[in-house]
Amino acid sequence: MLFRSTGFTVNVTNYDGTNYVETGTVSSGSISFGAVTGTTWPLTITGLNPGDTATVTVTTTRTGYVTGTATYTYGALNAQSITFATIDTQTYGVADFALSATGGGSGNAVTFTSATTSVCTVSAGKVKVISVGTCTINANQASNSQYTAAPQVSRSFTVNPKALTIKANNIGVAKGDTITATSTITGLVSPDKVTDITYTYSGTGTSTPPATQGDYTITPSAAVFDTVTASSKYTKIGRAHV
């Protein structure tokens, strides 16, 4: 007997393999008759739910054969499960990475979705980190005629901020010239942008450049990003200076 999504198949055996004249009935669901192969005559019962009971009666008019009755309980589908390993902590800016999990006996593919799309997304089985926080990935496997859908398995991991360094560039100006500080940024992840940087000058201790001749240190002291959320994706700005 082969369990199916709505019923089962009963194979009736005729020992001489010829002259099938039997008829079949079923107490619940519906019955269909397959083609005889050798000594086997398959009767397929459908329209049942797991746990339903069906009595199959096969009647023959052949001399020497008697009517046969058998009662079957349509069993529940087989269970299956997903093995999905934990995911390591990541840092914002990490390259997209593939997910992997092993499913159960149905053979259906394990599929992945993100439960936290503000932090991470999933496409074609790969995770794309788009912000910091907690990323949760759900793994699912569909049912088939033999197996129930696997219970969903979820894995969460932390996405930490990325280190960002802003280093002021060396500049040299003549007395009376306007001082315009510039800098080199390391660690910025596209499409994030730094739109403005505040510098502190050692000669004044403020953002106002010194007016007298001398050697001074320019220190990046604050940065403005193109979006409010971008600033949360980075650790405290490293203020290397020259």
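Cut-offs used in this document
- Residues numbered from 1 in each chain as written.
- Predicted model: local features only at pLDDT ≥ 70, side-chain atom pairs only at ≥ 80, totals over all residues.
- Heavy atoms only, no water.
- Helix = DSSP H or I, 4+ residues; strand = E, 2+ residues; numbered from the N terminus.
- Buried < 20%, exposed > 50% of the residue type's maximum accessible area, 1.4 Å probe, protein only.
- Contact = heavy atoms within 4.5 Å.
- Areas by Shrake-Rupley, 256 points an atom, 1.4 Å probe, with all protein chains shown as cover.
- Pairing = 2+ DSSP bridges.
- Polar contact = N/O pair within 3.5 Å; in protein donor to acceptor, adjacent residues only side chain to side chain.
- Core = buried A, V, L, I, M, F, W, Y, C linked by side-chain atoms within 4.5 Å.
- pLDDT = per-residue confidence, 0-100.

K.L.:
Can you tell me about the overall build of the protein, naming the residues and giving the values?
P.N.:
Looking only at helices and strands, one finds 0 helices and 18 strands in the protein. Looking at the protein as a whole, 29% of its 242 residues are labelled buried. Residue pairs at least 24 apart in sequence account for 55% of intrachain contacts in the protein once pairs closer than 6 positions are excluded. For the protein, the exposed surface amounts to about 13500 Å²; the carbon and sulfur share of it is 51%.

K.L.:
Any details on the pairing of strand β5 (residues 40-46)? Residues and values, ideally.
P.N.:
Counted residue by residue, β5 has 5 buried out of 7 residues, so it is predominantly covered. Relative to β5, strand β4 (residues 30-33) runs antiparallel, the two sharing 4 bridges. Its bridge partner being in β5, S30 is matched across the sheet by T46. Between β4 and β5, which pair antiparallel in sequence order, lie 6 residues; one of them, G38, sits at a positive phi of approximately 65°.

K.L.:
Can you lay out the side chain of Q141 for me, pointing to particular residues and giving the numbers?
P.N.:
Secondary-structure assignment places Q141 in strand β13 (residues 133-141). Judged by relative accessible area, Q141 falls into the buried class, the value being 3%. Within the local environment of Q141, its side chain forms a polar contact with the backbone nitrogen of G104, the two atoms lying 2.7 Å apart. A polar side-chain atom of Q141 sits 2.7 Å from the main-chain carbonyl oxygen of N108. Aside from chain neighbours lying at most four places away, what touches Q141 is Q80, S81, I82, G103, G104, S106, G107, N108, A109, V110, A149 and A150.

K.L.:
Outline the nonpolar core, listing residues and values.
P.N.:
Counting residues in each nonpolar core, the largest one holds 32 residues, and the members touching the most others are F84, L99, V127, I137 and F157. Within the residue set of this core, elements represented by two or more residues are β10 (110-114), β12 (126-129), β13, β14 (150-160), β15 (165-168), β17 (194-201) and β18 (218-225). In this structure, V12, V26, W41 and L43 belong to the second largest nonpolar core, which totals 9 residues.

K.L.:
Help me get a handle on the confidence of the model for the protein, residues and values and all.
P.N.:
Across the protein, the average pLDDT comes to 82, with 82% of residues at or above 70. Segment residues 1-5: pLDDT under 50, and 21 contacts once partners within four positions in sequence are set aside and those in other chains are kept. Considering only residues more than four positions removed or in separate chains, one finds that residues 238-242, a stretch of pLDDT under 50, has 22 contacts.

K.L.:
Go over the environment of Q141 with me, naming the residues and quoting the values.
P.N.:
Placed 37 residues apart in sequence, Q141 and G104 show a C-alpha to C-alpha distance of 7.9 Å. Here S106 takes part through its side chain, which lies 3.3 Å from a polar atom of the side chain of Q141.

K.L.:
Describe the sheet that holds β10, naming the residues involved and giving the relevant values.
P.N.:
One open sheet holds the 4 strands; their spatial order is β8-β14-β13-β10, and the pairing between them is mixed. With one partner strand each, in any of the chains shown, β8 (90-91) and β10 form the two edges of the open sheet. Bridge count between β10 and β13: 5 bridges; the pairing is antiparallel. Each residue of the ladder has a partner; that of S114, found in β13, is I137.

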